[in-house]
Structures are given as structure tokens and as C-alpha cells.
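Structure at a glance
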Amino acid sequence: MKLFIPNMLANADAGFWFPPQGSTVAEHSDSVYFFILYVCTFFFVLIVSLMVLFMVKYRHRPGVEAEKTSTHNLTLELSWSVIPTLLTIVMFWVGFTGYIDMRTPPSDSYDINVIAKKWSWAFQYPNGWIESELHIPKGENVTLTMASDDVIHSLWVPAFRTKMDVVPGRYTQEWFKATRAGEYPLMCAEYCGQKHSNMISKVIVHETRGDFDKWLQQASDIHKNKTPVEAGEYFYKSRGCIQCHSLDGTPKNGPTFKGLFGSERKFADGSTGVADKNYIRQSILEPQSQVVAGFRPIMPTFKGQLTDQDITAIIAFIEAQK
């Protein structure tokens, strides 16, 4: 595609139209966009200019009779039929081949599983570690295999020019190769509920595979590097609990964690209970079994996403919120 587009029209910075390119997908996507844009602009200016010229030249003037002109010009008619057809074929071909490439993950990809839920992202790495931010190495093919726990979401990384719906009950995939180290916004592009606009995270591209492996190893040892309360705070922020449970007593979509531990809870079915360790554990794994009165049953389960040690840390963190 670079054959058709000068570098100044589709370069790594992308300029006014787009954020800086961060992946190989972005390079191709921008090239196609600018190719179509400038072809359309050229013919728009050409046609409008000729229209204005002819309107002025052949306008009605008193005393001037209309000229008799030919009604058929084979060369002209072939030109305005063949040239647009050829351009359309080129546009279709580069778009089609680019789309097929985007939808076919390379066999040598680094695979990361993604779970979307209201209103957070969970990125699971091959060693089982789950993070709320997407970390990847630069210059390596990465494939995301995505699923949703509740409604339709859509993972969008503007700098990568990639967006793919995440649908409940099925897996979807997208892949990319990052070309620049740095941090890039990542967000949900499908309206998914009241807190849709808060479903924002980021992609962190590490300069080398060694840097990425070092980060993954350190992150995976969170229970060795932090106290249970600190580790629980990490899960509170990284697994989306912060979206619905405040720490200052303010009710949100879920009860506040302030003063929750040891308090008496009244449930939607009229029963009551004490918010002890077993209650919190069950609320995390089977949230619909004990819905607190006054709140909607919208919390998704974290079964299979948190280890017993992770849950113990979360309980310690909630217990610390006096």
C-alpha cells in the first residue's frame, strides 16, 4: 500500500487525523484511509471545478444563442467508466487483503485471554496471572482471545486501529504487533451500561521481550511482595471492584466497603446475615446468592478468576476498611 501513498500522508505520527500509529495494523489501515480520502478529494475538486467553469462559460446571456454541441463522446464516456472502476477494484483489493490479514492471527502469536465484564477488563497471561492493564512486548505478534461475562463489549485500541466486539457465549479474537514502546489508551467502544464510560484501561508496550518477562514474573509474585491488605487493594483496583464499591461510605452500584466487615446485612429475600469471611467469599464466587436489599443483582462471578489466596487478600483489605 505504501506504493500508492507518499509517506507524508500516512506516517507513524498520523498527525491531525489519527493518534500516532502503534502497530503494523495501524500502518495499513491509515494507508487505505488516506488513499481513499485523497482519491475522493481529487475527483471532488475536479468535478466541482468543471461544474463551476461550465456554469460560467455557458451561462445564459441576452442576445447569445445556445451552441449546438455533440450528445455523445465515446472516449469521454469510457474514461469516466473505466477509471472509477479500476480505482474501486484497487480500493476493494487493498481493503479486502488487509481485513483478511487482520482476521487471521499468526501461528507464532503470544496468546492472552481477555474477560470483559461490567465495567472492567481482565487480561489473563499464559502463566495464569490476571491484570487489568494489557502488557505486551514490542515487535511480537499478540493475539487476544476474548469473552464476556455479561453483555456485549468491544475492545478498542485507537493507536493500534483495532476494535473487536466481545460477545457473551462465544470467543472472538484480534491480533496486532506493536511497533512502539509506551502506553496507549484502551477502552470499550460498545455501550454496555451505566458505567460504560469508565471501562477504560491502557496498553503498556515493553521495549524488549526481556522487559516484558521481568514485569510478568514480578507481577505474578504479588503475594510475596505485598502484605495481604496491599495485595487485596491491588485486586480491588485491578478486578473492577472499585467501579461499584466505594471506600468512603458512598453507595454506588454495590454496597460500600467502609465498615462492611462484621456488619449485619439485610438481603433482598428478607433474610439477614453477618458480613464475615464466609459471606464475602460467597459474594465473590456466587454474587447472586446473597443480594443486599436495595441493590440490583448485577455483580458478575469471579469464580475461576481468583485463587483462594487472592480472595483471602481481598477479605483482609475489606476488613481493614473501618
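Presented here is an overview of the structure given in this document.

Thresholds applied
- Residues numbered from 1 in each chain as written.
- Predicted model: local features only at pLDDT ≥ 70, side-chain atom pairs only at ≥ 80, totals over all residues.
- Heavy atoms only, no water.
- Axes fitted to C-alpha atoms, helices over the stretch in contact; angles between N-to-C directions.
- Helix = DSSP H or I, 4+ residues; strand = E, 2+ residues; numbered from the N terminus.
- Parallel < 35°, antiparallel > 145°, perpendicular 65-115°, else oblique.
- Left-handed = near helix turned anticlockwise from the far one by under 90°.
- Contact = heavy atoms within 4.5 Å.
- Phe/Tyr/Trp six-rings, centres within 6.5 Å; stacked < 30°, edge-to-face > 60°.
- Buried < 20%, exposed > 50% of the residue type's maximum accessible area, 1.4 Å probe, protein only.
- Pairing = 2+ DSSP bridges.
- Nonpolar A, V, L, I, M, F, W, Y, C, P; charged D, E, K, R; others polar.

Right, let's talk about the packing of helix α1 (residues 24–57) against helix α2 (residues 74–102) for a bit. With their axes 10 Å apart at the nearest point, α1 and α2 run at an angle of 165° to one another. Relative to α2, the element α1 is oriented roughly antiparallel. Crossing angle aside, the handedness with which α1 passes α2 is left-handed. Taken together, the residues of α2 that come into contact with α1 (itself represented by Val25, His28, Val32, Phe35, Ile36, Val39 and Phe43) are Ile83, Leu87, Val90, Met91, Val94, Gly98 and Met102.

This paragraph deals with the packing of aromatic side chains. Applying the stated criterion to the full structure yields 19 aromatic pairs. Both rings, one in Phe42 and one in Phe43, keep their centres 5.1 Å apart while their planes meet at 85°; by these two values the pair is edge-to-face. In this structure Phe42 comes out as exposed when scored by relative accessible area, which is 52%. Members of the aromatic cluster, connected to one another through ring pairs, are Phe18, Tyr33, Phe34 and Tyr38.

Each regular strand carries side chains that alternate between the two faces of the sheet. Judged from the two bridges that link them, strand β6 (residues 153–157) and strand β9 (residues 182–188) form a sheet pairing that is antiparallel. Across the sheet, residue Leu155 finds its bridge partner in β9, namely Cys188. Where β9 meets strand β10 (residues 200–206), six bridges bridge the pair, whose relative direction is antiparallel. Counterpart to Gly182 in the pairing with β10 is Val205.

Taken in spatial order, the five strands line up as β3-β2-β1-β5-β8 in an open sheet, and their pairing is mixed. Edge strands, defined here as strands with exactly one partner in the open sheet, are β3 (130–131) and β8 (172–177). Relative to β3, strand β2 (residues 120–124) runs antiparallel, the two being bridged by two bridges. Bridge assignment links Phe123 to a residue of β3, and that residue is Glu131.

Relative orientation and spacing of two packed helices are given, respectively, by the angle between their axes and the distance between those axes. Viewed as axis vectors pointing N to C, helix α5 (residues 228–238) and helix α7 (residues 308–319) meet at an angle of 100°, and their least axial separation amounts to 7 Å. Considering their axes alone, α5 and α7 lie roughly perpendicular with respect to each other. Of the residues in α7, those in contact with Pro228, Val229, Ala231, Gly232, Glu233, Phe235 and Tyr236 of α5 are Asp310, Ala313, Ile314, Ala316 and Phe317. Along the lines of polarity and charge, the residues of the contact of α5 with α7 split into nine nonpolar, one polar and two charged.

The next thing to look at is unusual backbone geometry. Of note, the bond from Lys118 into Trp119 is cis; its omega dihedral lies within 30 degrees of zero at -10°. Although it is not a glycine, Arg161 sits at a positive phi angle of roughly 60°. Counting through the fold element by element, Arg161 comes out in the loop between β6 and β7 (162–166). For Arg161, a relative accessible area of 12% translates into the label buried.

Once that is clear, we can look at α5. Of the positions making up α5, those classed as buried are Ala231, Gly232, Tyr234, Phe235, Tyr236 and Ser238. Each element contacted by the buried residues of α5 is listed here: β2, β3, α4 (222–225) and α7.

This part covers the sheet that holds strand β4 (residues 134–137). Pairing is mixed in the open sheet, where five strands are placed in the order β4-β10-β9-β6-β7. Edge positions in the sheet fall to β4 and β7, since each of these pairs with one other strand and no more. Neighbour to neighbour, the strand axes of the sheet diverge by 20° on average, direction disregarded. On the sheet, helix α3 (residues 209–220) packs against β4 and β10 and is oriented at approximately 145° with respect to β4.

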